[in-house]
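This is what each chain is made of:
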Amino acid sequence: MENAKATVGNDKKMNNGLIHDTLVKIFLCLNVVDVAVASLVCKSWNSACRDPALWNKIDLSKLGSYCFNTPLNRVGAYRHSSSKITQFLKYVLDLSNGSTTFIIFNFYVYLTNEQFIMVAQRTPNLKRLVLPETGDFSRDGVDTALSLWKGLESITVTSAVSSYYMILAIGKHCNNITEMKFSAGNFEEKHAVAMAKYTPKLKKLSIRNLATSLKALWCVVSFLGDLEKVNISHCLIMDTAYPGTVFVGVSDLKKRLPPTGVEKLVYCEKGRCLRCVNGRDTTRSRQPDGPYEDIWGEDEIASLAHLPQPSEAQIAARHVRAIPIVRLFCSSTRNQHR
């Protein structure tokens, strides 16, 4: 009799394990919002939704502005939905239980200083970070967040934060940075000097579509010994060594940079780069910032890209209004707390 009970107990545990593993495999096919909603269904689903395999990468890039009752996608469109975004981030990071190593923020989210620090506190093992286009980060906020991400290896810096402050904070707290991407502002000599000092292990750098100093470019290719690639596609490269400003083309760079540095450059050839291709997308629903969102998510340096080149089917799907699943999430969490 006791053997029979033990057998039944073992079978039950095995079945529960199989159900758990099956649910995890299914949830791996869902986006982060769908997983958050699924976790509210029942205890077994909630347990499966907390499996670390689901949370290695948190990709928020696919969120649509309809999720938070905001107008068409525009930079900073989520600014007035801050409380909902905070609620959503806290819940998702609670499910992840600190197992996240890669976060991609939505391009349009307006991230506040408090949200940035809160995310850092709940993701101590983060290795790769992609910031949104806009935000409100103080210098102290950046320093606090980076002090919690000592294992950070890759970062995409946007207009949400001062590039120079970010480099200084990285130098102070993050010794393992090997990849950096700047998507806004200028790339000046002070940035290059700080990088040579504070990010000596850097291997991949993208400064695409930025106003760039020739001295800054010369500095990074000369003094960053481990540097392998520098994406300068559509950079406006300026030489200020002479009276007035001289703009330098790619062909002239080959004469002004050391040969070993020229070999590391990635640049646009015959309008085939991602900026040129995406810039031709004039779909009305994608304006004014849609093509820039794609460029933010992609890069000519493969390891710095986190979004695949959209297919024709995906472009057509942009016209379809998806189910506002985050509204369901918000209403469900409210009901749970009642």
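Bear in mind that the values here come from a model prediction, so they are computed numbers and not experimental data.

Student: Give me the pattern of salt bridges: which residues, what numbers.
Tutor: Scanning all chains against the criterion turns up 7 salt bridges. One salt bridge in this structure joins Arg 208 and Glu 300, with 2.7 Å as the shortest N-O distance. A residue pair is termed long-range when its members are at least 10 positions apart, and Arg 208 in the loop between β9 (204-206) and β10 (211-213) and Glu 300 in the loop between α13 (290-297) and α14 (312-317) qualify at 92 residues. Each of Lys 181, Arg 208, Asp 299 and Glu 300 takes part in salt bridges that share partners, so that together they form one network.

Student: Could you give an account of the packing of helix α5 (residues 113-122) against helix α6 (residues 139-147), with specific residues and numbers?
Tutor: One way to put it is that α5 packs onto α6 with a least axis distance of 8 Å and a crossing angle of 10°. In terms of orientation, α5 lies roughly parallel with respect to α6. From α5, Asn 113, Phe 116, Ile 117 and Ala 120 reach across to α6, where they touch Gly 141, Val 142, Thr 144 and Ala 145.

Student: Just give me the short version of α6, but keep the residues and values in it.
Tutor: Within the span of α6, buried status applies to Gly 141, Val 142, Ala 145 and Leu 146. For α6, the buried positions fall inside an angular range of 125° around the axis, keeping them on one side. Along its buried surface, α6 packs onto α5 and α7 (163-173).

Student: Report on unusual backbone geometry, specifying residues and quantitative values.
Tutor: Phi is positive for Asn 97, which is not a glycine, with a value near 50°. Notably, Asn 209 is not glycine yet its phi reads approximately 65°, a positive angle. Here Asn 209 is to be found in the loop between β9 and β10. Asn 209 sits in the partly exposed class, given a relative accessible area of 36%.

Student: Mind laying out the pairing of strand β12 (residues 236-239), listing which residues take part and the relevant values?
Tutor: Burial of the side chains of β12 is restricted to one face: Ile 237 and Asp 239 are buried, whereas none of Leu 236 and Met 238 on the reverse face is. With 3 bridges connecting them, β10 and β12 associate as parallel partners. Bridge pairing in β12 links Ser 213 to Met 238. Strand direction decides the pairing type here: β12 and strand β13 (residues 246-247), joined by 2 bridges, are antiparallel. Directly across from Met 238, in β13, lies its bridge partner Phe 247.

Student: Kindly report on the packing of α7 against helix α8 (residues 189-198), identifying the contributing residues and their values.
Tutor: It is at 9 Å that the axes of α7 and α8 come closest, and there the two elements cross at 10°. The pairing of α7 with α8 is recorded here as roughly parallel in orientation. On α8, the residues that touch Ser 163, Tyr 164, Ile 167, Leu 168 and Gly 171 of α7 are Lys 190, His 191, Ala 194, Met 195 and Tyr 198. Here the contact of α7 with α8 is composed, by residue class, of 6 nonpolar, 3 polar and 1 charged.

Student: So, the sheet that holds strand β6 (residues 154-157): which residues are in play, and what are the values?
Tutor: Sheet architecture is open: 8 strands sit in the order β1-β2-β4-β6-β7-β9-β11-β14, paired in parallel fashion. Of all the strands in the sheet, the pair left with one neighbour each is β1 (57-59) and β14 (265-266). Where β9 and strand β11 (residues 229-231) come together, 3 bridges link them in parallel fashion. Counted as the bridge partner of Leu 205 is Val 230 from β11.

Student: Can you break down the confidence of the model for the chain residue by residue, with the values?
Tutor: Taken as a whole, the chain shows an average pLDDT of 82; of its residues, 76% reach a score of 70 or greater. In this model, residues 315-329 is a region of pLDDT below 50 whose contacts with residues beyond four sequence positions or in other chains number 28 contacts.

Student: Describe the state of the cysteines, naming the residues involved and giving the relevant values.
Tutor: Scanning all chains against the criterion turns up 0 disulfides. You can see Cys 42 has no disulfide; the closest cysteine sulfur is in Cys 49, sitting 8.8 Å from it.

Student: Please set out α5 residue by residue, giving values where relevant.
Tutor: Here α5 lies mainly inside the structure; 7 of its 10 residues are buried. Among the residues of α5, those classed as buried are Asn 113, Gln 115, Phe 116, Ile 117, Met 118, Val 119 and Ala 120. Against the buried residues of α5 lie α4 (82-96), β2 (102-104), β3 (110-112), β4 (128-130), β5 (134-136) and α6.

Student: Residues and numbers for the pairing of strand β7 (residues 179-182), please.
Tutor: For a regular strand, side-chain orientation follows a simple rule: the groups alternate between the two sheet faces. Burial along β7 is two-sided: the residues Glu 179 and Lys 181 and Met 180 and Phe 182 are all buried. As paired strands, β6 and β7 are joined by 4 bridges and run parallel to one another. When the sheet's bridge partners are listed, Thr 156 is paired in β7 with Lys 181. The handedness of the β6 to β7 crossover, carried by α7, is right-handed. Sheet topology note: the β7/β9 ladder contains 3 bridges and is parallel. Residue Met 180 lies in a different strand from β9, and its bridge partner there is Leu 205.

Student: Please set out the side chain of Thr 123 residue by residue, giving values where relevant.
Tutor: Here Thr 123 lies in the loop between α5 and β4. At 2.7 Å, the side chain of Thr 123 forms a polar contact with the backbone oxygen of Val 119. Ignoring any residue separated from it by four or fewer positions in sequence, one finds Thr 123 in contact with Leu 93, Thr 100, Ile 103 and Trp 149.

Calculation rules
Residues numbered from 1 in each chain as written. Predicted model: local features only at pLDDT ≥ 70, side-chain atom pairs only at ≥ 80, totals over all residues. Heavy atoms only, no water. Salt bridge = Lys/Arg side-chain N within 4 Å of Asp/Glu carboxyl O. Helix = DSSP H or I, 4+ residues; strand = E, 2+ residues; numbered from the N terminus. Axes fitted to C-alpha atoms, helices over the stretch in contact; angles between N-to-C directions. Parallel < 35°, antiparallel > 145°, perpendicular 65-115°, else oblique. Contact = heavy atoms within 4.5 Å. Buried < 20%, exposed > 50% of the residue type's maximum accessible area, 1.4 Å probe, protein only. Arc of directions from axis to C-beta. Pairing = 2+ DSSP bridges. Nonpolar A, V, L, I, M, F, W, Y, C, P; charged D, E, K, R; others polar. pLDDT = per-residue confidence, 0-100. Disulfide = S-S within 2.5 Å. Right-handed = clockwise from strand over helix to strand, strands pointing away. Polar contact = N/O pair within 3.5 Å; in protein donor to acceptor, adjacent residues only side chain to side chain.

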